[in-house]
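# Chain and residue survey
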Amino acid sequence: MVAGEGAALNDLLRTEELTREYDAKTAVSDVSMSVNVGDIVGIMGPSGSGKSTLFRLINLLERPTKGRIFFDGEEISYSRPDVYLIRRKMALVLQKPAAMNRSVFNNVAYGLELRQLEKEEIQKRVDDYLERLGLTESKLRNARSLSGGEMQRMCFARSVIVEPKLILLDEFTANLDPQNISILEKAVRDFVKQEGRAAIIITHNPFQAKRLCDRSALMMNGKLVEIGETWKIFNDPVDERTRAFVSGEMVF
Amino acid sequence: MQGGHRLVDGVTYDVVQVTLLSLYVSGSATILGSLIGIPLGAAIGLKEFGGKGLLKTITYTMYGFPPVISGLFIYYVFSRAGPLGDFGILFTPTAMILAQTLLVIPLVAGITITSVTEVDRNIKNTVRSLGANDRQATFTVIKEAWVGVITAVMIGFGRAIAEVGAAYMVGGNIDGKTRVLTTAIMLETRMGHFEYAVGLGVVLLIVACGVFLFMRWLQERELL
């Protein structure tokens, strides 16, 4: 059991000893954690500590070597034939934004089109989300011509518009200016708190974890070192490595 | 045979007919070959399965598949004594289309493999993360690789319209029935109608390059 993590039965997401080994390297090792509805959980840790791999495992994009995942009341797995239906209840925003070679509107509409919503409904919802994320004027531009900040906002809109129960954000504000960061952080907060959903964010920025996350975790060498209430992680951590990290002694 | 005089005498409908048959045969082979080659290439490029590397190598190797061998194969299959002899399509445009299709498939499939493989892994993950099932994800990735796929189709057409071996073997170069530009050029040259052959050569060049130009034009206007 990882320090600070209690067992709960009604979690939206729970992983048990999730492990992913590549040929010579263990990317994710025995990660057990849970996320409740209304939670924003932050995962911090050095580059290469397995955070992004953990996201791909949870989003069923990769097959775990070992371990179990429970989500929304059932056990889920990579090998189920309806795996895409489970993925439709989550959304992953990748560290490196990926724009499809089509307009901003069509990028954001993509998930809704997969779900075969009515044309008018798609139109309405996309316009609404573009407005919320300040992209209305870029609506008809090719998404590949967007600036870094616009691109990140578009990717966020494209993922939350399908109203997933859980959103996984991988360094979603890396390399952005303060204004873009605050737009996106507000959008995450609104999404989780007002609409009763949950988010896990990977961040390199302890200040962002403090601003945004109810709970925070530190991951190193594929292992979850510690997870707990954000204030406790920063003020009264259990593990020595967490203490070093939050006090800034650990240099990446 | 008075082939050498036809251009001079102004009986141009022969040239027109031969040109149209070339376009019909090679165009059909390109469409048929693409309908098979694109999904095949996408499947090989995107799916994980045992023997994938070998299958890729075979596809790439088939780039060098000689037209004469393709002709030989179709000839055998559809000859009177062959397994599908009852269809009676030997020495018809249909047989030529099939022989050229065999030449188009590996090219289209191979270039499609390369194109879909090169689509950013992040796009592929994003598409699946947004809830695409296998069919939807494949379709989207092909769309992302569209420029490469169109190039594949164009190169496939280039191979079909330019080849002579397969068209000659299974078509037989029958005047008014299976004579296409390449086989006509061969015949006229052999008969000593050199100027006529050169004239047909120019027509072939214009047709082949014209189709490429037209497709480029469509592409630049994002109509393709």
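Just so you know, these numbers come straight off a predicted model, no measurement behind them.

Reading the values: the criteria
- Residues numbered from 1 in each chain as written.
- Chains lettered and ligands numbered in written order.
- Predicted model: local features only at pLDDT ≥ 70, side-chain atom pairs only at ≥ 80, totals over all residues.
- Heavy atoms only, no water.
- Helix = DSSP H or I, 4+ residues; strand = E, 2+ residues; numbered from the N terminus.
- Buried < 20%, exposed > 50% of the residue type's maximum accessible area, 1.4 Å probe, protein only.
- Pairing = 2+ DSSP bridges.
- Axes fitted to C-alpha atoms, helices over the stretch in contact; angles between N-to-C directions.
- Contact = heavy atoms within 4.5 Å.
- Parallel < 35°, antiparallel > 145°, perpendicular 65-115°, else oblique.
- Left-handed = near helix turned anticlockwise from the far one by under 90°.
- Nonpolar A, V, L, I, M, F, W, Y, C, P; charged D, E, K, R; others polar.
- Core = buried A, V, L, I, M, F, W, Y, C linked by side-chain atoms within 4.5 Å.
- pLDDT = per-residue confidence, 0-100.
- Polar contact = N/O pair within 3.5 Å; in protein donor to acceptor, adjacent residues only side chain to side chain.
- Patch = residues over 30% accessible without salt bridge, like charges linked within 9 Å, V, L, I, M, F, W, Y side chains within 5 Å.
- Areas by Shrake-Rupley, 256 points an atom, 1.4 Å probe, with all protein chains shown as cover.
- Salt bridge = Lys/Arg side-chain N within 4 Å of Asp/Glu carboxyl O.
- Expected span 1.5 Å × (residues − 1).
- Arc of directions from axis to C-beta.
- Buried area = accessible area lost by both parts, 1.4 Å probe.

## Description of the overall build of chain B
Of regular secondary structure, chain B possesses eleven helices and zero strands. Each helix and strand of chain B, placed in order from N terminus to C terminus, yields the pattern α-α-α-α-α-α-α-α-α-α-α. Oriented by its inertia axes, the alpha-carbon framework of chain B measures out at about 65 × 45 × 25 Å. Across the 224 residues of chain B, 50% fall into the buried class.

## Description of the pairing of strand 4 (residues 66-71) of chain A
Residues and elements named next belong to chain A. In this sheet, strand 4 lies alongside strand 1 (residues 13-21) in antiparallel orientation, the contact comprising five bridges. Residue pairing in the sheet places Thr 15 in a bridge with Ile 69 of strand 4. Direction of pairing for strand 4 relative to strand 5 (residues 74-76): antiparallel, over a ladder of three bridges. From the neighbouring strand, Ile 69 faces strand 5, where its bridge partner is Ile 76. What sits between strand 4 and strand 5 in their antiparallel hairpin is a turn of two residues, with Asp 72 showing a positive phi close to 50 degrees.

## Some words on the sheet that holds strand 10 (residues 223-229) of chain A
Residues and elements named next belong to chain A. Spatial strand order, 6-7-8-3-9-10: six strands in an open sheet with mixed pairing. Two strands close off the open sheet at either side, each with one partner strand: strand 6 (90-93) and strand 10. Between one strand and the next, the sheet's axes are offset by a mean angle of 15 degrees, whatever the strand orientation. This element, helix 6 (residues 178-195), spans strand 3 (40-44), strand 7 (166-170) and strand 8 (198-202) of the sheet and lies at about 135 degrees to strand 3.

## Considerations on the packing of helix 4 (residues 67-78) of chain B against helix 5 (residues 93-118) of chain B
Residues and elements named next belong to chain B. For the pair helix 4 and helix 5, the least separation of the axes is 9 Å and the interaxial angle reads 135 degrees. With respect to helix 5, the element helix 4 is oriented oblique. Considering the relative orientation of helix 4 and helix 5, their crossing is right-handed. Of the residues in helix 5, those touching helix 4 at Pro 67, Ser 70, Gly 71, Phe 73, Ile 74 and Phe 78 are Ala 95, Leu 98, Ala 99, Leu 102 and Leu 103. Of the residues contributing to the contact of helix 4 with helix 5, the split by class is nine nonpolar, two polar and no charged.

## A look at the nonpolar core
Buried together is how nonpolar side chains tend to be arranged in soluble globular proteins. All names here are of chain A. Ranked by size, the top nonpolar core spans 47 residues in total, and within it Val 108, Val 126, Met 154, Phe 156, Ile 167, Leu 169 and Val 188 carry the most contacts. Discounting chain neighbours no more than four positions away, the residues touching Phe 156 are Val 93, Leu 133, Ile 167, Leu 169, Leu 184, Ala 187 and Val 188. If you look at the next biggest cluster of nonpolar residues, it comprises 32 residues, including Ile 69, Leu 92, Leu 94 and Ile 202.

## Quick word on the confidence of the model for chain A
All names here are of chain A. Residues of chain A with pLDDT of at least 70 account for 94%, and the chain-wide mean is 91. Mean pLDDT across the secondary structure elements of chain A bottoms out at helix 9 (residues 240-246), with 89, and peaks at strand 8, with 97. Within the model, pLDDT remains below 50 along residues 1-8, and this stretch shows 17 contacts once partners closer than five positions in the same chain are excluded.

## Details of the side chain of A:Ser216
Residue and element names in this part refer to chain A. Tracing the backbone shows Ser 216 in strand 9 (residues 215-220). Within polar-contact distance, the side chain of Ser 216 engages the side chain of Thr 230 at 3.0 Å. Setting aside residues up to four positions removed in sequence, Ser 216 forms contacts with Gly 42, Met 44, Ala 209, Glu 226, Ile 227, Gly 228, Glu 229, Thr 230, Ile 233 and Phe 234.

## Quick word on a nonpolar patch on the surface
Taken together, the side chains of B:Ile31, B:Leu32, B:Leu35, B:Ile36 and B:Leu40 make up a nonpolar region of the molecular surface, amounting to roughly 460 Å² of accessible area. Tracing the backbone shows B:Leu32 in helix 2 (residues 13-46).

## Here we look at helix 4 of chain B
All names here are of chain B. With twelve residues, helix 4 should reach 16 Å at 1.5 Å per residue; the first-to-last C-alpha distance of 16 Å fits that figure. For helix 4, the complete set of buried residues consists of Ser 70, Gly 71, Ile 74, Val 77 and Phe 78. When helix 4 is viewed along its axis, its buried side chains cluster within an angular range of 130 degrees and face the same direction. Summarising the contacts, the buried residues of helix 4 are in contact with helix 5 and helix 9 (165-171).

## Quick word on the sheet that holds strand 1 of chain A
All names here are of chain A. Strand order in the open sheet made by the four strands is 2-1-4-5, with antiparallel pairing throughout. Two strands in the sheet have a free side with no partner beyond their single neighbour: strand 2 (26-35) and strand 5. Shown here is a sheet whose adjacent strand axes are inclined to one another by a mean of 25 degrees, direction ignored.

## Thoughts on the interface of chain B and chain A
Listed by partner, the interface residues are 17 residues for chain B and 23 residues for chain A. Counting each side, the surface lost to burial between chain B and chain A is near 1,800 Å², with a carbon and sulfur contribution of 49%. Of all residues in chain B, B:Arg128, B:Ser129 and B:Leu130 give up the largest surface area on contact with chain A, accounting jointly for 34% of the area buried on that side. Along the contact surface separating chain B from chain A lie two salt bridges.

## Some remarks on the packing of helix 8 (residues 146-162) of chain B against helix 11 (residues 194-220) of chain B
Axis angle and axis distance: for two packed helices, these are the angle between their axes and the distance between the axes, and together they describe the pair. Residue and element names in this part refer to chain B. It is at 11 Å that the axes of helix 8 and helix 11 come closest, and there the two elements cross at 170 degrees. Between helix 8 and helix 11, the angle falls in the class roughly antiparallel. Note on element contacts: helix 11 touches helix 8 through Leu 204, Val 207, Ala 208, Val 211, Phe 212, Met 215, Arg 216 and Gln 219, opposite Val 147, Ile 150, Val 153, Met 154, Ile 155, Phe 157, Gly 158 and Ile 161. Of the residues contributing to the contact of helix 8 with helix 11, the split by class is 13 nonpolar, two polar and one charged.

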